[in-house]
Amino acid sequence: MTEAEVPDQVLEDMITYYRERAAEYDEWFYRRGRYDYGAEANQRWFDEADEIVESLSALELQGEVLELAPGTGIWTERLATVAERVTAIDSSLEMMAINRARLGPLAERVTYLQGDLFGWQPRRQYDAVFFGFWLSHVPRERLGQFLTMVASALRPGGKLFFVDGRPESTVTAIDQRHPDGGSQIMTRKLNDGRTFEVVKNFYPPADLEQRFRAVGLKVGVKETPTYFIYGLSERP
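As the structure is a computational prediction, the values presented were derived from the model and not from experiment.

Trainee: It is not clear to me how the nonpolar core should be interpreted in this structure. Could you clarify?
Mentor: Counting 80 residues, the largest nonpolar core has Leu68, Trp75, Phe131, Leu135 and Phe146 as the members making the most contacts within it. Setting aside chain neighbours within four positions, we find Leu135 in contact with Leu143, Phe146, Leu147, Phe162, Asp164, Tyr203 and Leu208.

Trainee: For this particular structure, what's the right way to read the sheet that holds strand β8 (residues 220–223)?
Mentor: In any sheet, the strands associate via hydrogen bonds between backbone groups, in a parallel or an antiparallel arrangement. In space, the 7 strands of this open sheet follow the order β3-β2-β1-β4-β5-β9-β8, with mixed pairing throughout. Strands at the two margins of the open sheet, each flanked by one partner only, are β3 (110–114) and β8. Adjacent strand axes in the sheet meet at a mean angle of 15 degrees, parallel and antiparallel pairs treated alike. The pairing of strand β1 (residues 64–68) with strand β4 (residues 126–132) spans 4 bridges and is classified as parallel. From the neighbouring strand, Glu67 faces β4, where its bridge partner is Phe130.

Trainee: Any chance you could explain the pairing of β3 here in plain terms?
Mentor: Regular strands place side chains that alternate from one sheet face to the opposite one. Two elements, strand β2 (residues 85–90) and β3, share 5 bridges in a ladder whose sense is parallel. Directly across from Thr87, in β3, lies its bridge partner Thr111. Handedness of the crossover joining β2 and β3 through helix α5 (residues 93–103) is recorded here as right-handed.

Rules used throughout
Residues numbered from 1 in each chain as written. Predicted model: local features only at pLDDT ≥ 70, side-chain atom pairs only at ≥ 80, totals over all residues. Heavy atoms only, no water. Core = buried A, V, L, I, M, F, W, Y, C linked by side-chain atoms within 4.5 Å. Buried < 20%, exposed > 50% of the residue type's maximum accessible area, 1.4 Å probe, protein only. Contact = heavy atoms within 4.5 Å. Pairing = 2+ DSSP bridges. Helix = DSSP H or I, 4+ residues; strand = E, 2+ residues; numbered from the N terminus. Axes fitted to C-alpha atoms, helices over the stretch in contact; angles between N-to-C directions. Right-handed = clockwise from strand over helix to strand, strands pointing away.

Shape is all these values report; function is a separate question.
Next comes the structure, spelled out in structure tokens:
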């Protein structure tokens, strides 16, 4: 598939994939198993991840924070240590169960909601919005709609932070490949060998900045040397 719209079946497949992947998701971030590329590459990953953590900490996402696609809580835990309240929305109950267990007592600061981010709309505004490794799963034809939703969720003066991966082959598992030829779809594999189709787009920084401006958000988008892209903003 090239420039055609992503079929709804792929979006449903992606939801199923993340439900089934919940128990093994952290292997990716912590570079274990099929994501272990050796000591040197792994250390480079963690060093660049530290840059993301430092930038997130410097932005000080306090008050009431909305986290989209929180997954297993790698970022929820950091948000909940500084925010007054976190509202975390994910389609996977399995991910949210792991998230809650990771946070322990901190989970008392988090409201967990199950929802499909391609249809969910905020009923209120927040002091900050965060999403980690979700933007690349948004189909190109739905990006404007998603960013409009994000902008509507931010109060005046609200802050935004996102992080995602760059199109580097070692971001994904050793036995997986990113899409070729402009396709929005890649095949993902679980440890047990089952495969699923998911959306995977790598949006260039300048393109993202322009798309954010179109919904009224001035977002500075940066890249680490190898692995990550991230953006931050404070709404006027």
